[in-house]
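Summary of structural features
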Amino acid sequence: MEKIDVGRRILSANEAFALKNKQLLARYGKRCFNLISSPGSGKTTLLVRTITDLTDSLHLGVIEGDLQTDIDAERIRATKAPAIQINTEGACHLSAAQVSQALQKLPIENLDVVFIENVGNLVCPSAFELGEDGKIVVLSVAEGDDKPVKYPGIFAKSKVLLVNKIDLLEGARVDFDLDRVHADARRLNKTIEIFPVSAKTGAGMQNWYDWLTNQVRSR
Ligand SMILES: Nc1nc2c(ncn2[C@@H]2O[C@H](COP(=O)(O)OP(=O)(O)OP(=O)(O)O)[C@@H](O)[C@H]2O)c(=O)[nH]1
Ligand SMILES: [Mg+2]
């Protein structure tokens, strides 16, 4: 009996949409980044702060992926930036087909960067290309410093690692060895940019803004 590799078929259908998204974004000359992390590491908080702090220099739009609700899209819209919510109804990642539909609803021509906030999950989203310029993995210090070695796939594939909630390191409220995370992430990915930040206090955020601004300028 012939064996059918369903996993591979799903991936190649996804890759066709990812290519379509990439071509659309290239035609408009826009950057697109795919934010991936565990639930609650601070993706939406980081986006809200980035949009607010860069309001005079960059126009950002967001595609939000969640199992249910439009809570995150509403948080983005409160900044006046455009946001499209996708509900995956149980799926643990966004697909390129879903992103393709959302891209048609965003005013891409008016934007500098499209951010995709993927479903909170450190594993599934890393396997699905969406047509982005790069993945950005967020790890908050409350999750523990062993995450790069335990979930290597996403750290190996990402352009940037945002180590969020560094305000919690003050007073040793959380045990987290930043040097270990640097070393482990670099071992997996020689070129990954690592920015320790706090979306709450704004600490370290300027390094992230400089990187993002350079990405837009070099397009
Ligand atoms: N102390 C501290 N808390 C933060 C920081 N960033 C986010 N938070 C808090 O972390 C919680 C989760 O933040 P979200 O931005 O909703 O996280 P998320 O990754 O978007 O979550 P999902 O979309 O559910 O995956 C909220 O209570 C935030 O206020 C930070 O830098 N420091
Ligand atoms: Mg969120």
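Before going into details, it helps to say that this report is about the structure given with it. (Residues numbered from 1 in each chain as written. Chains lettered and ligands numbered in written order. Predicted model: local features only at pLDDT ≥ 70, side-chain atom pairs only at ≥ 80, totals over all residues. Heavy atoms only, no water.)

1. A short note on the coordination of the magnesium ion (ligand 2)
Tetrahedral coordination by four donors puts the ideal angle at the metal at 109.5 degrees, and octahedral coordination by six puts it at 90 or 180 degrees. Listed as protein donors to the magnesium ion (ligand 2) are T44 (OG1), D72 (OD) and E117 (OE); their distances from the metal cover 2.0 to 2.1 Å. Counting gaps between the donor residues of the magnesium ion (ligand 2) yields the pattern T-x27-D-x44-E. Of the two residues, T44 sits in helix α2 (residues 43–53) while E117 sits in strand β4 (residues 113–117), which places them 73 residues apart along the sequence. When sorted by exposure, T44 lands in the same class as E117, which is buried. (Donors = N, O, S within 2.8 Å, 3.2 Å for Na, K, Ca; no water. Helix = DSSP H or I, 4+ residues; strand = E, 2+ residues; numbered from the N terminus. Buried < 20%, exposed > 50% of the residue type's maximum accessible area, 1.4 Å probe, protein only.)

2. Thoughts on the packing of aromatic side chains
According to the stated counting rule, one finds four aromatic pairs in the structure shown. Taken together, a centroid distance of 6.3 Å and an interplanar angle of 40° make the contact between F33 and F115 tilted. Taken together, the residues F33 in strand β1 (residues 31–36) and F115 in strand β4 connect sequence positions 82 residues apart. Taking relative accessible area as the criterion, F115 reaches 0% and is therefore assigned buried. Summarising the aromatic geometry, the rings of F33 and W211 are spaced 5.3 Å apart at their centres and angled 55° between planes, so their arrangement reads as tilted. In this pair, F33 sits in strand β1 while W211 sits in helix α8 (residues 205–217), placing the two residues 178 residues apart along the sequence. What links up through ring pairs into an aromatic cluster is the set F33, F115, W208 and W211. (Phe/Tyr/Trp six-rings, centres within 6.5 Å; stacked < 30°, edge-to-face > 60°.)

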